[in-house]
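Working through the structure, step by step
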Amino acid sequence: MSDGILSKAATMEIPISSNGDTSSLPEDDGLEQDLQQVMVSGPNLNETSIVSGGYGGTAEGIIPTGTIKGPGLHPPPPGPPPGGEEVVRGIAVEKFDIVKKWGINTYKCTKQLLSERFGRGSRTVDLELETQIELLRETKRKYESVLHLARALTAHLYSLVQTQHALGDAFADLSQKSPELQEEFGYNAETQKLLCKNGETLLGAVNFFVSSINTLVNKTMEDTLMTVKQYETARLEYDAYRTDLEELSMGPRDAGAVSRLDAAQSQFQSHKDKYEKLRADVAIKLKFLEENKIKVMHKQLLLFHNAISAYFAGNQQQLEQTLKQFNIKLKTPGAEKPSWLEEQ
């Protein structure tokens, strides 16, 4: 693919043809997920323009009913107040229209999705944008792997620090109870205390690294991918209504057909506007995400490198200086109780 095509950032319709032969198609595990995504957003029946107290609105439009007091039943009023039946009927009609529109939209999108998957239709493709989206998904998978490994490293470091802590206590105790080996046990206890302190400092740096990567992956990237999902749904709807309009345009032009064509043109334009807006939103979010990712990772990789290097070089001063450089403060477990290092 030439750079000229990718640089246009424009959409094109990609025809998909398999001559109806699906025997050679591989099993597509994503088809079921895509169908579920089409069906997942059902109609919101709570959103109606006619307000009724029975649907969480104001007291206006509430139809009073008879009160029940034991065996004696008060008969209901002779009939609903003027306009009450009209309110209820209006709400029912509006909710029916919502369900009807949702059903038609779902049918059209499902038809379009299946048409694309089985090679009998065309889809609109923004080559440059979809390349960026796929790159983001792959980047997220790789960063999730780094996050998993960094968390494993944190767990191992924590176990090491706990072991050094216990070993330092054991050496210190034996130093007091073994006069003939007091000096040897003593400097081993001091060494373990120093290693434990450096380990706690390193843990603070690695925990900060893990927290920052977690925010980048599971909040910043995920937020962008949520917008991408909305964009992909809008693209499917746009193509579904585009196909519908094209089919109607090729049909007869009687009075009923003209009316249906006008309605299809209006729906197509509405979905086109929605698609183009979300496409612009995704492009902007991808741009800002890339800038933010570079800024965050530049800082975090420098922190990780300096802290690990100082720890394994045994440079306590450089290790502590690294935490100060990145404004990392170690949390002492138990605010009212001094740490083990302070007790020693």
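Cut-offs applied
Residues numbered from 1 in each chain as written. Predicted model: local features only at pLDDT ≥ 70, side-chain atom pairs only at ≥ 80, totals over all residues. Heavy atoms only, no water. Helix = DSSP H or I, 4+ residues; strand = E, 2+ residues; numbered from the N terminus. Buried < 20%, exposed > 50% of the residue type's maximum accessible area, 1.4 Å probe, protein only. Contact = heavy atoms within 4.5 Å. Areas by Shrake-Rupley, 256 points an atom, 1.4 Å probe, with all protein chains shown as cover. UniProt positions renumbered as here; feature names shortened; annotations may be inferred. Arc of directions from axis to C-beta. Axes fitted to C-alpha atoms, helices over the stretch in contact; angles between N-to-C directions. Parallel < 35°, antiparallel > 145°, perpendicular 65-115°, else oblique. Left-handed = near helix turned anticlockwise from the far one by under 90°. Nonpolar A, V, L, I, M, F, W, Y, C, P; charged D, E, K, R; others polar. Core = buried A, V, L, I, M, F, W, Y, C linked by side-chain atoms within 4.5 Å. Phe/Tyr/Trp six-rings, centres within 6.5 Å; stacked < 30°, edge-to-face > 60°.

1. Quick look at the overall build of the protein chain
Along the backbone of the protein chain there are 8 helices and 4 strands. When its helices and strands are written in sequence order, the protein chain yields α-β-α-β-β-α-β-α-α-α-α-α. Counting all 344 residues of the protein chain, 30% fall into the buried class. Residue pairs in contact within the protein chain that sit at least 24 positions apart in sequence constitute 82% of those at least 6 positions apart. Put simply, the protein chain shows about 22,100 Å² of open surface, and 57% of that area lies on carbon and sulfur atoms.

2. Description of the UniProt feature "coiled-coil region" (unreviewed entry) in the protein chain
Per the UniProt record, the feature "coiled-coil region" (unreviewed entry) sits at residues 261-292. Each end of residues 261-292 is marked by a C-alpha atom, and these two atoms are 46 Å apart; helix forms 100% of the span and strand 0%.

3. Focus: helix H7 (residues 316-325)
Quick reminder: α-helices carry 3.6 residues per turn. Residues three or four places apart thus point the same way. The set of residues buried in H7 consists of Leu319, Thr322 and Leu323. Taken around the axis of H7, the buried residues stretch over an arc of 95°, which confines them to a single face. Those residues of H7 that are exposed and aimed more than 90 degrees away from the buried face are Gln317 and Lys324. If you follow the buried residues of H7, they end up packed against helix H5 (182-249) and helix H6 (255-312). At the C-terminal side of H7, Asn327 shows a positive phi close to 55°.

4. Things to note about the packing of helix H4 (residues 127-177) against H6
For the pair H4 and H6, interaxial distance at closest approach is 12 Å and the crossing angle is 25°. Comparing their axes, H6 and H4 come out roughly parallel. As H4 runs across H6, the sense of the crossing is left-handed. Residues Leu129, Gln132, Ile133, Leu136, Thr139, Tyr143, Leu153, Leu160 and Gln164 of H4 pack against Arg279, Val282, Ala283, Leu286, Leu289, Lys293, Met297, Phe304 and Tyr311 of H6. Here the residues of the contact of H4 with H6 sort into 13 nonpolar, 3 polar and 2 charged.

5. Quick word on the nonpolar core
Grouped together as the largest cluster of nonpolar side chains are 42 residues, with contacts concentrated most on Ile133, Tyr231 and Val282. Among the elements of the structure, H4, H5, H6 and H7 are those that each provide at least two residues to this core. A total of 17 residues in this core trace back to one element, the largest contributor, which is H5. Ignoring sequence-local partners within four residues, the contact set of Ile133 consists of Val228, Tyr231, Glu232, Val282 and Leu286.

6. What about the packing of aromatic side chains?
A complete count under the given rule lists 6 aromatic pairs for this structure. Here the aromatic rings of Tyr231 and Tyr275 are separated by 5.7 Å at their centres, their planes lie at 20°, and the arrangement is stacked. Highlighted residues: Tyr231 in helix H5 and Tyr275 in helix H6, separated in sequence by 44 residues. Residues Tyr231 and Tyr275 agree in their burial class; the two are buried. Taken together through their ring pairs, the aromatic side chains of Tyr231, Tyr238, Phe268 and Tyr275 make up a single cluster.

7. Some points on unusual backbone geometry
Its identity as a non-glycine residue notwithstanding, Asn327 has a phi of 55°, on the positive side. Within the secondary structure, Asn327 sits in the loop between H7 and helix H8 (340-343).

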